[in-house]
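# Topology and contacts: notes
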Amino acid sequence: MLAEFRLPALGADMEAGTLVEWHVAPGDRCRRGDVVAVVETDKGAIDVEIFVDGVVRELRVLPGTRVPVGTVIAVLDTEAPAPAPEELPPPPRTATVESAGAAIQQRAKISPAARKRAQELHVDVASLRGTGPEGAITVQDVERAGPSPQPLPAAAEEAAAGMRAAIAAAMSRSKREIPHYYLATPVDVTPAVDWLAAHNAAVPVTERLLLAVLLVRAVALACRDHPGFSGFYRDGRYEPSPVVHVGVAVALRGGGLVAPAIMDTAGRPLAALMNDFRDLVARARAGRLRASELAAPTIILTSLGEASVETVLPIIQPPQVAIVGAGMVAVRPWIVDGRVVPRHVLTLSLGADHRVTDGRLGAQFLARIAALLADPAAL
Amino acid sequence: MTEPARITYREATKQGLREALLADPRVFLMGEDIGRYGGCFAVSKGLLDEFGEERIRDTPLSESAFVGAGIGAALGGMRPIVEVMTVNFSLLALDQIVNTAATLCHMSGGQFPVPVVIRMATGAGRQLAAQHSHSFEAWYAHVPGLRVVEPATIDDARGIMRAALASPDPVIVFEPISLYNMEGELTDAATQVQLEGARVHRAGGGVTLVTYGASLWRCVAAAESLAQEGIDAEIVDLRCLRPIDDATVLASVRKTRRVVIVDEGWRTCSLAAEVGQRIVEQGFYDLDAPIARVCTEEVPIPYPLHLEQAALPGPERIIAAVRRLFGHAG
């Protein structure tokens with residue numbers, strides 16, 4: 001059976017993406033989850049994974065082309081027999097050449113002059129129908145389409161402006177559609193800070209943990225107990241997610257932010273989460289996130305501790321229904337057993353969707369996170 | 001002498017030779033049957049009577065010997081014009097031309113230029129069969145040290161000899177067999193003919209036809225037909241095959257963005273291939289369609305008229321190639 005692979009939405013408000021490169025060629029077998037292409041979006045270059053197992057039959061979009069979300073970018077044969085390993089002959093040396101040739105066959109034909117003219121006029125060639133030889137797009141086709149109304153700014157500015165626009169759209173939609181309620185509570189995180197200090201003193205540098213990772217795990221475990229905060233609100237109803245994927249808000253150096261998910265956060269031990277976290281931040285800043293990581297978060301943790309902020313009043317990213325904020329860790333006077341003592345205090349906050357939960361449930365959710373942080377050895 | 005308004009290519013060539021003989025006592029002609037017989041294609045008819053055996057010299061049937069003698073005469077201070085009957089026969093003299101004429105100036109540090117002019121008939125169209133009809137211009141155009149020209153018009157045929165004799169380098173002049181009987185108007189432009197440079201023979205904006213030699217007129221016929229379909233073809237006559245005038249070709253390509261190269265040589269390793277590659281190297285981003293070539297079919301030129309014509313890059317094939325560049329079924 002042939003399956004169409006469409007450009008997925010790599011974020012709630014993505015409308016289009018530019019195909020940067022293909023990692024597969026016609027004839028290649030791919031499995032669900034394989035990275036098959038790189039797509040440039042407002043959030044940077046994203047590795048796009050395929051959703052089905054199959055053999056690539058056709059690549060429909062040429063690298064460099066901008067296409068709307070939902071455009072069929074490849075066709076796969078999902079029933080092509082999997083070659084048995086022992087029957088697999090050694091690939092002939094010409095195999096890659098042939099498949100590359102086949103890939104070129106599938107490219108949209110655009111003459112060099114037309115491509116140059118399209119860049120000058122800022123015409124999106126993906127939308128054009130060619131009238132040249134073999135249906136190729138010619139200069140005349142480009143000029144007939146005319147210049148786009150606004151000249152595009154330079155690439156870097158364009159990317160930054162694109163991301164700003166994406167954030168603006170998502171946050172506007174959030175504030176327009178989601179009736180937020182906000183809760184905040186200071187939490188004594190001294191046990192977690194002390195436990196971390198002891199742990200990190202005992203292990204090599206590469207195995208050291210950050211408080212952020214304890215927070216991620218605590219949020220994930222709390223979501224298991226409180227499914228009303230981890231899921232998606234779509235078409236007028238809420239669907240809790242069976243698996244918790246905590247998204248981590250990462251500020252980018254060039255401005256803007258992304259919140260890729262640590263997949264199945266609750267199922268990952270701390271050491272693995274630390275690796276995931278480090279990898280995610282690095283790839284987010286390098287602009288090499290996977291599509292699934294951007295679309296997956298069922299809840300987001302945003303931390304502004306580094307910015308010396310006491311309390312974050314976070315805005316939900318639709319279609320999620322909750323977001324947890326963490327302020328800075330500060331030493332405060334705290335009353336323990338009737339005595340004022342210095343303790344490490346962090347203000348945890350919650351922005352939640354009133355259509356799904358109420359403040360009382362939100363308070364219980366925050367209290368659960370605080371309780372988990374109070375016993376870090378059990379995390 | 002008053003020149004007639006319309007003359008043949010043969011007559012124009014003869015006038016060029018005669019002018020050269022009159023202008024410079026160092027100039028003489030040599031070749032097979034050029035004197036008493038008047039030339040295999042009658043180009044030199046009458047010149048023996050006018051200039052005598054000293055300057056119009058019949059030679060034995062040995063291309064290597066008489067081309068070599070011509071090279072020697074050039075080294076000795078003369079200005080020989082050597083006629084080789086056809087380019088097919090010139091292969092017997094290839095060693096003299098490629099290994100001697102083309103190299104001596106370079107090998108002597110510029111002390112011994114070889115100002116020989118070697119004329120040869122080229123191409124098909126007269127039912128002279130495979131051993132007299134080929135187009136080996138590309139073979140000579142490959143060789144540094146040679147200059148290679150192919151006049152395709154009456155004016156160029158009339159004026160090329162003066163320019164060729166003025167060159168210190170050996171010059172190969174190709175004369176298309178099928179054009180000797182062509183009639184045309186001789187104009188003042190004949191006095192301005194240069195050794196180098198291509199020429200826009202017909203201006204147009206829709207497609208560029210790059211060609212040379214007898215194929216120029218195939219392109220003219222094709223262009224007239226295409227004009228009725230609304231396709232305005234520009235024709236570039238290369239004229240000089242070494243060095244190739246990239247600037248004129250590229251200027252035309254930038255204007256029309258589509259190119260068909262029409263070459264009576266075979267396609268493989270052809271001048272058409274060379275011109276096409278130069279266009280890709282220098283004008284890739286100006287192209288709006290793949291470069292097309294119309295060349296002679298890759299067979300030894302057949303003798304029967306209909307097969308000979310079918311093998312050549314005729315107007316119908318040129319028109320079909322142009323239509324394909326516009327996305328029309330050809």
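The structure reproduced in this document is the subject of the present report. All of these numbers come straight from a predicted model, not from anything done at the bench.

Parameters and conventions
- Residues numbered from 1 in each chain as written.
- Chains lettered and ligands numbered in written order.
- Predicted model: local features only at pLDDT ≥ 70, side-chain atom pairs only at ≥ 80, totals over all residues.
- Contact = placed C-beta atoms within 7 Å.
- Nonpolar A, V, L, I, M, F, W, Y, C, P; charged D, E, K, R; others polar.
- Axes fitted to C-alpha atoms, helices over the stretch in contact; angles between N-to-C directions.
- Helix = DSSP H or I, 4+ residues; strand = E, 2+ residues; numbered from the N terminus.
- Parallel < 35°, antiparallel > 145°, perpendicular 65-115°, else oblique.
- Left-handed = near helix turned anticlockwise from the far one by under 90°.
- Buried ≥ 20, exposed ≤ 12 C-beta atoms within 10 Å, placed from the backbone.
- Core = buried A, V, L, I, M, F, W, Y, C linked by C-beta atoms within 7 Å.
- Expected span 1.5 Å × (residues − 1).
- Arc of directions from axis to C-beta.
- Pairing = 2+ DSSP bridges.

Every contact between the two is made by eleven residues of chain B and, on the other side, ten residues of chain A. Among the residues making up the side of chain B that touches chain A, the classes are represented as six nonpolar, one polar and four charged.

The subject of this paragraph is the packing of helix α10 (residues 246-256) of chain B against helix α11 (residues 271-283) of chain B. Residue and element names in this part refer to chain B. With their axes 10 Å apart at the nearest point, α10 and α11 run at an angle of 65° to one another. Of the possible angle classes, the one that applies to α10 and α11 is roughly perpendicular. In terms of crossing hand, the pair formed by α10 and α11 is right-handed. Two secondary-structure elements touch here, α10 through Asp246, Val249, Leu250, Val253 and Arg254 and α11 through Val275, Arg278, Ile279, Gln282 and Gly283.

This part is about unusual backbone geometry. With an omega dihedral of 5°, the bond running from A:Pro318 to A:Pro319 counts as a cis peptide bond. By the element assignment, A:Pro319 lies in the loop between β17 (299-303) and β18 (322-336). The amide bond that connects B:Arg242 to the next residue, B:Pro243, takes the cis arrangement and shows omega of -5°. Secondary-structure assignment places B:Pro243 in the loop between β12 (240-242) and α10. Within the chain, A:Glu134 stands out as a residue other than glycine whose phi angle is a positive 55°. With respect to the helices and strands, A:Glu134 occurs in the loop between α2 (112-121) and α3 (139-145). Look at B:Cys269: it is not a glycine, yet its phi comes out positive at around 60°. For B:Cys269, the position within the fold is in the loop between β13 (259-266) and α11. A tally of 12 C-beta atoms within 10 Å means that B:Cys269 is categorised as exposed.

With that out of the way, let us pick up the nonpolar core. Nonpolar side chains in soluble globular proteins tend to be buried together. Residues A:Val216, A:Val219 and B:Val260 are the most contacted members of the largest nonpolar core, which totals 190 residues. Broken down by element, the residue count for this core peaks at ten residues, all from helix α6 (residues 211-225) of chain A. Other than its neighbours up to four places away in sequence, B:Val260 contacts B:Val207, B:Leu209, B:Ala292, B:Val294, B:Ile318, B:Ala321, B:Val322 and B:Leu325.

Residue and element names in this part refer to chain B. Relative to the 18 Å expected for 13 residues at 1.5 Å per residue, α11 spans 17 Å between its end C-alpha atoms, a close match to the ideal helical length. Buried within α11 we find Leu271, Ala272, Val275, Gly276, Ile279 and Gly283. For α11, the arc enclosing every buried residue in end-on projection is 135°, short of the 170-degree limit, so these residues lie on one face. For α11, the exposed residues lying more than 90 degrees away from the buried face are Gln277 and Glu281.

Quick look at the sheet that holds β12(B) now. All names here are of chain B. A sheet is described by the order of its strands in space; here seven strands give the open sequence β3-β2-β4-β5-β7-β6-β12, paired in mixed fashion. Looking at the sheet topology across the chains shown, the edges are occupied by β3 (56-58) and β12. Taken over all neighbouring pairs, the strand axes of this sheet differ in orientation by 20° on average, direction set aside. One ladder, built from three bridges, connects strand β6 (residues 147-149) with strand β7 (residues 171-176); its direction is parallel. Looking at the pairing, Arg147 lines up with Val171 of β7. Sheet contacts for helix α3 (residues 63-75): β2 (27-31), β4 (79-86) and β5 (117-122); angle to β4, the most-contacted strand, approximately 160°.

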